[in-house]
Every structure is written in structure tokens, then in C-alpha cells.
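# Reading the structure
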Number of protein chains: 2
Amino acid sequence: MITYNIADSGSDSIYEFLSKSIKKDIVQGILKAGEKLPSKRQLAKNLGVSVITVENAYGQLMAEGYIYSIPKKGFYVSDFKFPVQEKKAVFTREMVSLAGQAGSWLADFTSNQTETDLFPFTIWSKVIREVLNDSRVQLMTNSESGGIQALRESIACYLKEFRDMHVWPEQIIVGAGTEYLYSLLIQLLGREKIYAVENPGYRKLEKIYGSLGADCRWIAMDEAGICISDLEKQQADIVHITPSHQYPAGIIMPVSRRYEMLGWASREEGRYIIEDDYDSELRLSGRPVPTLQSIDMSECVIYMNTFTKTLCSTVRISYMILPQKLLTQFYEKLSFYSCTVSNFEQYTLAKFIKEGKFETHINRLRNYYRRKRDILLEALKKGERKEVISVSGEESGLHFLMKIHSNLPESVFLERVRSMGIKLVPLSFYYYGESGRPENVYVMNYSSVDITKADEIADKIYKCCIE
Amino acid sequence: MITYNIADSGSDSIYEFLSKSIKKDIVQGILKAGEKLPSKRQLAKNLGVSVITVENAYGQLMAEGYIYSIPKKGFYVSDFKFPVQEKKAVFTREMVSLAGQAGSWLADFTSNQTETDLFPFTIWSKVIREVLNDSRVQLMTNSESGGIQALRESIACYLKEFRDMHVWPEQIIVGAGTEYLYSLLIQLLGREKIYAVENPGYRKLEKIYGSLGADCRWIAMDEAGICISDLEKQQADIVHITPSHQYPAGIIMPVSRRYEMLGWASREEGRYIIEDDYDSELRLSGRPVPTLQSIDMSECVIYMNTFTKTLCSTVRISYMILPQKLLTQFYEKLSFYSCTVSNFEQYTLAKFIKEGKFETHINRLRNYYRRKRDILLEALKKGERKEVISVSGEESGLHFLMKIHSNLPESVFLERVRSMGIKLVPLSFYYYGESGRPENVYVMNYSSVDITKADEIADKIYKCCIE
């Protein structure tokens, strides 16, 4: 009869030790397929353990399929073939080029990361605490696919009060980042449609549309934004634009082009404009520009915004506003999905907005970034620096363009600043195709740069230009 | 010259009032395209406001494109066509069949919602508070695409200690729910592949694969799980299974079939098994069944698990473990995506696991659900009830099957229990096609049912059977 030394069981419980031991004997062929095991009673007596212990061990082995029982006869070893045991390839961390590894830059103008001190930790903690105390039942109640009602209402109120946008909470769909919302949109509008993005534009968009299997085309822009003629020529169905503050060119789309865009969309059934309003709250002078959504009478605009820039880049909450005519379709086709944002953060954000804390925070951000931008611009324009450096598109949002008046090839300049700890991305990077690429213009995302080092940064940039 | 009564400005600032007034005049055609506006100085004097105020108003109008300036000449009204203003369709809430609307059921056996008292609010609050105090810099540092390192390490340690699974943190990809992870997988493995799911199976899977544009086939099952022969016949490339506890049939896949599955996968390049281990932590008797992942030597298994069942259904954190041979591909193709789970929850969960609180919580859950299940089973088997009600698949997880021995058509029985406030879903609902559908078997997800009402619920079910 099989026997094991119970004293060897170590930290395992006896039944675990027993089931592992028998399993090992089966795997090693010591116990053979079809072989009968001792009865529970026999084995218990033999090992000096309780029948319950053997019963549990046999139960585990049965559950895993190593043995089977025939009623009134007993327990038998199952018949199965083990595959040849190949060695697993040895894993080395070098196999993985981890994304998002932070370098130690003097200034990284490519990052959208929020500075630690800018996040309202104290208030946020307080709101979380209140939510955890007061809303336990709601926190445990599954969110609707489009988000919890309280958050959608808070957003609708906020949009009405501060952006003059009139939408129903039901039109607002909350998701874990705009990237996720794009994937919902493609499922809603259809993978067979032709999607269009701005050239130059946010490169990630094309990657996302491509990765999700949609045909994505680049549309030429003029000084007012995307060209309607090119949109027609490329037979786009859905166009994705950033009219409040074009990324990266910085254009604010004038009202004339806005109406032309709406005209284009309403001319044919199934055309939609995705209005990506990613940083309009951070227009630093004057009021935010009215949205396309607010002047759209033909229900062609899908509005998108995110709390990534206004709260912090590591809280993943975005939302889109569907035109009413897409609502039924959305709820029929896609409401089977669970909402991707946890209730805890949805309720916290809802309360944060409702109690006016979000608006206060935005105002604080605007002042902070305005000051930061001004210091940086001043440093870039100081003394002889202004001879070789000029900036544009600095009125709005968290980036501007910097032009270097130099004959240096871009790659050389980039390498020079890089060696001084400054990470820049050229505007040309955002262009698809060769035509129209500007030379020596750089997109300056300044939100995460340490502004106390503005002068040092500007000096290094200057030195890289002139040498 | 244009003039406005500044006294009408109401709550708006004067510059806002002024820009809105001029905008209105342009829209209404009072100011015509090409018309010259008064100079800033003139208008300021005329209205009795500062030049700065007029400058801000003109600036806003320029930014929005209503007017333009010619240097040294002045400001002019832009030329653009307004579209015909259609009336927006009136929105009625009836247009939207909101998902997730909770009914007031005596017992809802279709819900996976977590009972409020079961969530460890006190401990979770404490951990959040500590994270918010101690990890501010980390909280603001963008997560890697696959999740923050701390969480991936915590999960890897947990899997090693409690599931005997040996994986590198880099193999673990964290996302906002398994539904989201499926969409990543399809992007990774290819939309042109043939995906296979279990029949009967979790219906949502087919919806998700379909919605994402992948070909999804249903594979027949026998008593050991999915049939390899049908998998071959249907030319599946990727098969999605629930071996630890098949949903909804409750089968635990025996080790023999597991090895057959691995054999199938390793026979051809590009075949993968998605092992959906959604509730294995909640095996109520004995140890969790070893995963396919842990015996996979050919790198064919993609393991998936979620905290939806073990923490609560409204925290959206799931993860998958990629085999090493898919890692490079994943990081090259998909690491441009931002992680969909916020840092706040990632760090909180990481700490919760690392400090052993998760394991404690799971043990509490197991005991709680075991007791709950036992009470419910006892109620269903009490007295004459056991003549018409039998159960199976009750050893593991948060659902079991209930068979009604009755000649009632399913639809009649369902309607009867429904009228008594009991929501059930028949096992037949999970079947694709007509063959093999069981009659009068119901899938009992008991996790959210109020167990103090077990006897009342069982009594009502019994009465519905016999009448």
C-alpha cells in the first residue's frame, strides 16, 4: 500500500501533503493508470490520520481529475497522457522594453505628467473619505455602462454652467480614458467606416484606430484647421478634430470653419465629427472657446473630454457626449459592457465637481500654468536668445511651439539638447507624409517641467542653437 | 457706432458681456461681413470702460473667429455662412433603455453584485489614506501600460504563494476589467483569427468578440469540458475556457483534459488558450484547482483573473498573464496605450495584497459564501422541496445549478417565480443552437441574495414548481 511520512508535511496541512504526494506518484508513474487506491479507511489507519483527512485529499485529487471513483468499488488512478515536458524559455528582463520608464531629465517637454504639488491631495482625500463613509450602498451598486448617474449629472451641470453646453446626463458616457472611448466609438459607428485625423496631429490616434482595425486617413490642414476639400476627397465618414486648440499646431478653429465642418457633416447621413476638447479648460487668456457641440443642430458632433489634464494624468476618467440620435444605438449595441471606471473614483469625482471643488481647482491650475508659461517664455526671449528662438500658439493649453532660427539639422539639434538633459519632440514628428513638414519647430509640453530651472533650460536651448 | 448698455451685463464680467453682445449682432446680421469695428480706444471711451476690457472682448472674438484684425488698420467682421438652424429633436428619457437599472427583487439570482457589508470598507479606507499620504510622487507618476510595478509585483507574489504560479511581474498586464483585456488580446493576437468559446458559456464573451470584429465560434462540451475534436473541426486558433469552474455548467476540467488542451495548443503555431480563472479563489471546499497556466510548458496559455468577485464588482481591476513568447509583441504593439486603471486604485490594491489583507479578505469571503450556500442549499432541500428541486455544481464558486423536476415549460416557471420577485436565468440561455439544451435547469448566482430570506425564497420556488 502507498505510504508517506506525515512528518515530512512541513507547512502544508496533512491533507494537502497527502494529495500532493499522491499526485507526485501519479505524475511519476509510480501509481499507474487504472490502479486502485486504498480505501479511505485503510489509508487513514495506515498513516495514522483521520478518515476526513484522506477524504479531503481524495476529494482534491478527484476535483483535479487525477483520480476517479466508482461508487461502492473505490478510487482509481485516471488515465491520461503527459505531454513531453519542454523546458520553458528563460525569461530575461531585456526581452521587454518597458514603456513609460522615466529618465532623469533636466526638462522633459514630451511628458503630460502632472506635478505632484498640483494635485489637490488634501481635498481629494477628504472627498474620498466622505464617499467611503456616506455612500457605501451606492459604491457597491453596479454602475450603468455609461457611468453612475451622479457623475453624469455633475458633468452635465458643470458643462451647462461653465461651457454653456446643454446635455442630458444620459448623453454622457464615462470611460477609463479617451483611448478606451475611441474603441467604444469604433464599435458604435462601425469598423468599415473611414476615419480621418488631422495632419499634423496626435500620432497616437492613428495607432489606436489602426490597432482597432479601422481605416484611418490623414487630412491636410490650413491655417483655420482641417481642409473640407481634403475630407471630401478622402471620402472620410468620421473626422476626429481638436478645434479648441489643435494638437500640436495650436490653431483655434474660427467660427467660419466650424460652420463649414458642421455643413460637411450634415450633408450626408452617417458623417460624424469627434470633437476632442482635451485641454479647453486650460485656455489661459479669456474664456474657453465655445464648443462645436454647442452650435451643432444636426446631431453630428460627438464631444470628448478628459480629466487627465485638469485633475491628473494618472486618474483615468474621460467622457464623451453622444448626440441624441446615436443614443438608442449605443444603448442597444454597447450597454452590455461594464463601465471601466471604478465606482469609488466616479463617486469621488462627482462630489468633487458638485461641490465646486473642481472649478476652484481649474482656476488654480489656470493661474499656475499661466505663470509657469510666462516664466518660461520670458526665459526663452531673454537677451540674445530672442534672436534665435521664437514661440507661437502660447495663448491656450499646456503646449506651445518653439521655432529655432538656425541652419542646424533637426536631428543634430535634438541630439544636442538631449545630451544636455532636455527632451524635445519636433513638430515634424506629428506630420504624416513628407510635404509641408516644418523644420526646427518643437512642441513644448511644459506642464511637467520644473519652472525654477527655466533660465537654465532656456540657456541650454540657446547654446545648442548657436554652436 | 455700436453701443451696449453695460448695466445689462448681469453676472457676466463686462468683457464677457461685450463679446457676447457683439457676437449676437454678428450672428443676427446687424454687423455685416467686412464691416469695420470701432477701434478699441473709441469703443472704450464710448462705453465708459477701460481699453483693456475692449481688448479682452476683441481678443475673445478673434480667438473664436468672429472678427479678424488687419495690422495698423483695425478690426473687421469675419465672413462666414451660418447654416440653416434646424430644431434639435426633443430628448425624452424613454429613448434610452438604461442598462443596469436595479429592480426590487426578493432575490436576484442573475446579479454578481457584492453585498455592501462584505466589502472591507474600514481596511480599504485605511490603506487609501496611507497611500494618499505616503505615495504622492508615485501616484502622480504615469503608470506603465501594463500597470504599476508595485501592483504587478504584489500579484506575482500572491500567485506564487497561494496558487503555486511562477510568473514575472512583467508578464502581468493590469486593465480596467477583463472585458477591456479581451479587446487588448484581440489587438495582440489578430482580428483575423478564429476565436472559440464554450457552449454553453458566458454569453457576453461572444458579444464582446463580435463587437470587436472577431470571428467567434461555439464549441461543444462533454462532461470534462470543451471537446478537442470540435475545436479542430471548427478550426479555432484561440480558445477561451473556464477550466477551474466552467461557467455556467460548473465543470472542473480534469487534469487529463487539461493536458489534451495543452497538446492541442502546442500542435500548431499561433494557437492559444485563454484561461479565464474568474472565481477560482472562491472554491469553497479544498484548495483551488491548479491552473492550466502552471502546467503549461509550451507557452500557449494566457491566464486571466479579476478582482471583481474577490474584492467587489464595482472596483474595475483585472489582469492577464502573457506567456513569455508574447511579451515582446505586446510591448511593441500595444504599450502605447495608457493603463486603464487609475494609480490611486492600483497603489491601494498593491498595498492591500502585499500586507496580506487580500488573503484575509478572501478567507472571510470563502467562509461567508460557504455558509450562505449551505443555508440556501438546505432551504432548497428541506422537506418535500427535495422531491422537485435538485442541485449540482455546488462545490466551487458563486453559482450552482438548480434542476426543477416538473413538466412546466421553462417560460411558465420563469414567469411564475418572477411574479414572486425571484429573478432566475435558465441554463438553456447559455446555449448556442438548439441541440443539447437542458430544460428546467437554472443558474443560481447566489452572491447577492439576502440569505436571511433563504427559506422564503426556497418556499416560493417550490410553490412555483408544484402548482
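Keep in mind it's a predicted model, so treat the numbers as computed, not measured.

## Remarks on the overall build of chain A
In terms of regular secondary structure, chain A is built from 17 helices and 16 strands. Taking the principal axes of its C-alpha atoms as reference, chain A extends roughly 95 × 55 × 50 Å. Within chain A, the fraction of its 467 residues that count as buried is 61%. Relative to all contacts within chain A whose residues are 6 or more apart in sequence, the contacts with residues 24 or more apart total 70%.

## With respect to the interface of chain B and chain A
Listed per partner, the contact involves 96 residues of chain B and 96 residues of chain A. Overall, the association of chain B and chain A removes approximately 9,000 Å² of surface from exposure, summing both partners, and the carbon and sulfur fraction of that is 59%. At the junction of chain B and chain A, the tally comes to zero salt bridges. Joining chain B to chain A, the criterion identifies 29 residue pairs in polar contact (both at pLDDT 80 or more). The residue inventory of the side of chain B that touches chain A, partitioned by class, reads 46 nonpolar, 28 polar and 22 charged.

## Comments concerning the relation of the copies chain B and chain A
You can overlay chain B on chain A at an RMSD of 0.1 Å; the transform is a turn of 180° with a shift of 0.0 Å along its axis. Taken together, the rotation and translation relating the two chain copies correspond to the operation of a two-fold axis. A high fraction, 100%, of the interface residues of chain B reappear at the interface in chain A, so the copies pair face to face through one surface.

## Notes on the packing of helix H6 (residues 149-163) of chain B against helix H13 (residues 343-354) of chain B
Residue and element names in this part refer to chain B. Remark: H6 packs on H13, axes separated minimally by 8 Å, with the N-to-C direction vectors making an angle of 30°. The pairing of H6 with H13 is recorded here as roughly parallel in orientation. In the packing of H6 onto H13, the handedness of the crossing is left-handed. For the pair formed by H6 and H13, the contact residues are Ala-150, Leu-151, Ser-154, Ile-155 and Tyr-158 on the first element and Gln-346, Tyr-347, Leu-349, Ala-350, Ile-353 and Lys-354 on the second. Residue composition of the contact of H6 with H13, grouped by class: eight nonpolar, two polar and one charged.

## A word on the side chain of Asn-199 of chain B
Residues and elements named next belong to chain B. Counting through the fold element by element, Asn-199 comes out in strand E5 (residues 194-199). Looking at Asn-199, the relative accessible area reads 14%, which means it is buried. Here Tyr-432 takes part through its backbone nitrogen, which lies 2.8 Å from a polar atom of the side chain of Asn-199. Not counting chain neighbours up to four residues away, the residues in contact with Asn-199 comprise Trp-218, Ile-219, Ala-220, Met-221, Tyr-430, Tyr-431 and Tyr-432.

## Considerations on the sheet that holds strand E6 (residues 215-222) of chain A
All names here are of chain A. Read across the sheet, eight strands follow the order E4-E11-E10-E9-E8-E5-E6-E7 without closing on themselves; strand pairing throughout is mixed. Only two strands of the sheet have a single partner each, and these edge strands are strand E4 (172-175) and strand E7 (225-226). Two strands pair when backbone bridges link them, and strand E9 (residues 272-276) and strand E10 (residues 301-306) are joined in this way by four bridges, in the parallel orientation. Residue pairing across strands places Ile-273 opposite Val-301, the latter belonging to E10. Set on the sheet, helix H7 (residues 178-189) makes contact with E4, strand E5 (194-199), strand E8 (238-241), E9, E10 and strand E11 (318-321); between it and E10 the angle comes to about 160°.

## Some details on the packing of aromatic side chains
Evaluation of the coordinates by the stated rule reveals 53 aromatic pairs over all chains. Centroid distance Phe-307 of chain B to Tyr-319 of chain B: 5.7 Å. Interplanar angle 40°. Geometry classified as tilted. Taken together, the positions of Phe-307 of chain B in the loop between strand E10 (301-306) and strand E11 (318-321) and Tyr-319 of chain B in strand E11 put the pair 12 residues apart, joining distant regions of the chain. The burial state of Phe-307 of chain B is the same as that of Tyr-319 of chain B; both residues are buried. By way of ring pairs, the aromatic residues Phe-119, Phe-121, Trp-124, Tyr-158, Phe-162, Tyr-303, Phe-307, Tyr-319, Phe-352 and Phe-358 of chain A together with Phe-344 of chain B are connected into one cluster. A cation over a ring is seen here: Arg-203 of chain A above Phe-429 of chain A, with NZ or CZ 5.4 Å from the ring centre.

## Examining the pairing of strand E2 (residues 74-77) of chain A
Residue and element names in this part refer to chain A. Of the strand pairs in this sheet, strand E1 (residues 67-70) and E2 are connected by four bridges, and their pairing is antiparallel. Within E2, the position partnered with Ile-67 by the bridge is Val-77. From the end of E1 to the start of E2, which pair antiparallel, there are three residues, and Lys-72 there has a positive phi angle of about 65°.

## Overview of the side chain of Glu-394 of chain A
One can find Glu-394 of chain A in the loop between strand E12 (389-392) and strand E13 (399-404). No salt bridge forms around the buried Glu-394 of chain A; measuring N to O, its nearest opposite-charge neighbour Lys-381 of chain A is 4.6 Å away.

## What about the environment of Gly-147 of chain B?
Residue and element names in this part refer to chain B. Along the chain, Gly-147 falls in the loop between helix H5 (136-140) and H6. Between the C-alpha atoms of Gly-147 and Gly-175, which are 28 residues apart in sequence, the distance is 7.4 Å. If we ignore the near neighbours within four places in the chain, the residues touching Gly-147 are Arg-152, Val-174, Cys-339 and Gln-346.

## Here's the deal with helix H12 (residues 324-334) of chain B
Turn by turn, an α-helix covers 3.6 residues, leaving residues three or four places apart pointing in a common direction. Restricting attention to buried positions, one finds in H12 of chain B the residues Gln-324, Leu-326, Leu-327, Phe-330, Tyr-331 and Leu-334 of chain B. All buried residues of H12 of chain B fall inside an arc of 135° around its axis, so they share one side.

## Quick notes on the sheet that holds strand E6 (residues 215-222) of chain B
All names here are of chain B. Overall, mixed pairing links the eight strands, which are arranged E4-E11-E10-E9-E8-E5-E6-E7 in an open sheet. The sheet is open, and its two edges are formed by strand E4 (172-175) and strand E7 (225-226), each paired on a single side. Bridge analysis of E6 against E7 gives two bridges, and the strand direction is antiparallel. Considered in E7, the bridge of Met-221 is made with Ile-226.

## Observations regarding the environment of Arg-191 of chain A
With respect to the helices and strands, the residue Arg-191 of chain A is situated in the loop between H7 and E5. Residues Arg-191 of chain A and Ala-214 of chain A, spaced 23 residues apart in sequence, show a C-alpha to C-alpha distance of 5.0 Å. When near neighbours in sequence (up to four residues on either side) are disregarded, Arg-191 of chain A contacts Ile-186, Leu-212, Gly-213, Ala-214 and Asp-215 of chain A together with Arg-191, Ser-211, Leu-212 and Gly-213 of chain B.

## Notes on the nonpolar core
One broad trend across soluble globular proteins is that nonpolar side chains are buried collectively. In this structure, Phe-344 of chain A together with Phe-344 of chain B are the most contacted members of the largest nonpolar core, which totals 76 residues. The contact partners of Phe-344 of chain B, leaving out residues within four places of it in the chain, are Phe-119, Phe-121, Trp-124, Cys-312, Thr-314, Val-315 and Glu-345 of chain A together with Leu-132, Leu-139 and Met-140 of chain B. In this structure, Tyr-331 of chain A together with Leu-188, Met-304 and Leu-326 of chain B belong to the second largest nonpolar core, which totals 64 residues.

## Focus on the environment of Pro-243 of chain A
Residue and element names in this part refer to chain A. As for its placement among the helices and strands, Pro-243 is situated in the loop between E8 and helix H10 (255-267). Separated by 37 residues in sequence, Pro-243 and Ser-280 have C-alpha atoms that sit 9.4 Å apart. Residues in contact with Pro-243, not counting those within four places in the same chain, are Ile-251, Ile-252, Met-253, Arg-258, Glu-275, Asp-276 and Leu-292.

## Some thoughts on helix H1 (residues 14-27) of chain A
Residue and element names in this part refer to chain A. For H1, spanning 14 residues, the distance from its first C-alpha to its last is 20 Å, which sits close to the expected 20 Å at 1.5 Å a residue. For H1, a buried count of 10 out of 14 residues is recorded, marking the element as mostly surrounded by other parts of the structure. Turning to H1, its buried residues number three or more, namely Tyr-15, Glu-16, Phe-17, Leu-18, Ser-19, Ser-21, Ile-22, Lys-23, Asp-25 and Ile-26. Contact partners of the buried residues in H1: helix H2 (40-47), helix H3 (51-64), E1 and E2. Immediately beyond the C-terminal end of H1, within one or two residues, lies Gly-29, with a positive phi of roughly 85°.

Rules and cut-offs
Every residue gets a number counted from 1 within its own chain, in the order that chain's sequence is written. The lettering of chains begins at A and the numbering of ligands begins at 1, in the order of writing. Whole-chain, interface and lining totals are the exception, using all residues; otherwise, since this is a predicted model, local features are given only for residues with pLDDT of at least 70 and side-chain atom pairs are given and counted only at 80 or more. The side-chain numbers reported here are obtained from all heavy atoms of the structure, hydrogens and water having been left aside. By the criteria applied, helices consist of DSSP H or I runs no shorter than four residues and strands consist of E runs no shorter than two, each listed in order from the N terminus. Note on classification: 1.4 Å probe, protein chains only; a residue is buried when its accessible area is under 20% of the maximum for its type, exposed when over 50%, partly exposed between these limits. Whether two residues are in contact is decided by their heavy atoms: any pair within 4.5 Å suffices. Here the quantity called buried area is the total loss of accessible area, with a 1.4 Å probe, experienced by two parts when brought into contact, counted for both. Put simply, a salt bridge is a Lys or Arg side-chain nitrogen that is within 4 Å of an Asp or Glu carboxyl oxygen. Any pair of nitrogen or oxygen atoms within 3.5 Å is treated as a polar contact; in protein, a donor-acceptor pairing is required on top of that, and neighbouring residues in sequence qualify only through side-chain atoms on both sides. Residue type decides the class: Asp, Glu, Lys and Arg count as charged, Ala, Val, Leu, Ile, Met, Phe, Trp, Tyr, Cys and Pro as nonpolar, and the leftover types, Gly among them, as polar. A least-squares fit on C-alpha atoms brings the copies together, and the residues used are those whose pLDDT is at least 70 in both copies. The axes are straight lines fitted to the C-alpha atoms, using for helices just the contacting stretch, and the angles between their N-to-C directions are given from 0 to 180°. For this classification, under 35 degrees means roughly parallel, over 145 means roughly antiparallel, 65 to 115 means roughly perpendicular, and everything else is oblique. Less than a right angle of anticlockwise turn of the near helix away from the far helix marks a crossing as left-handed, whereas a clockwise turn marks it as right-handed. Note on pairing: DSSP must find at least two bridges between two strands before they are called paired. Paired rings are identified among Phe, Tyr and Trp, the last through its six-membered ring, by centres lying within 6.5 Å, and are further divided according to the angle between planes into stacked (under 30 degrees), edge-to-face (over 60) and tilted (the rest). The rule is short: NZ of Lys or CZ of Arg within 6 Å of the ring centre and within 35 degrees of the ring normal puts a charge over the ring. In this tally Asp and Glu are treated as negative and Lys and Arg as positive; neither His nor the chain ends contributes. The arc in question is the one traced by the directions running from the helix axis out to the C-beta atoms. We call a set of buried Ala, Val, Leu, Ile, Met, Phe, Trp, Tyr and Cys residues a nonpolar core when their side-chain atoms join them within 4.5 Å. Residue count minus one, scaled by 1.5 Å, sets the expected span of a helix.

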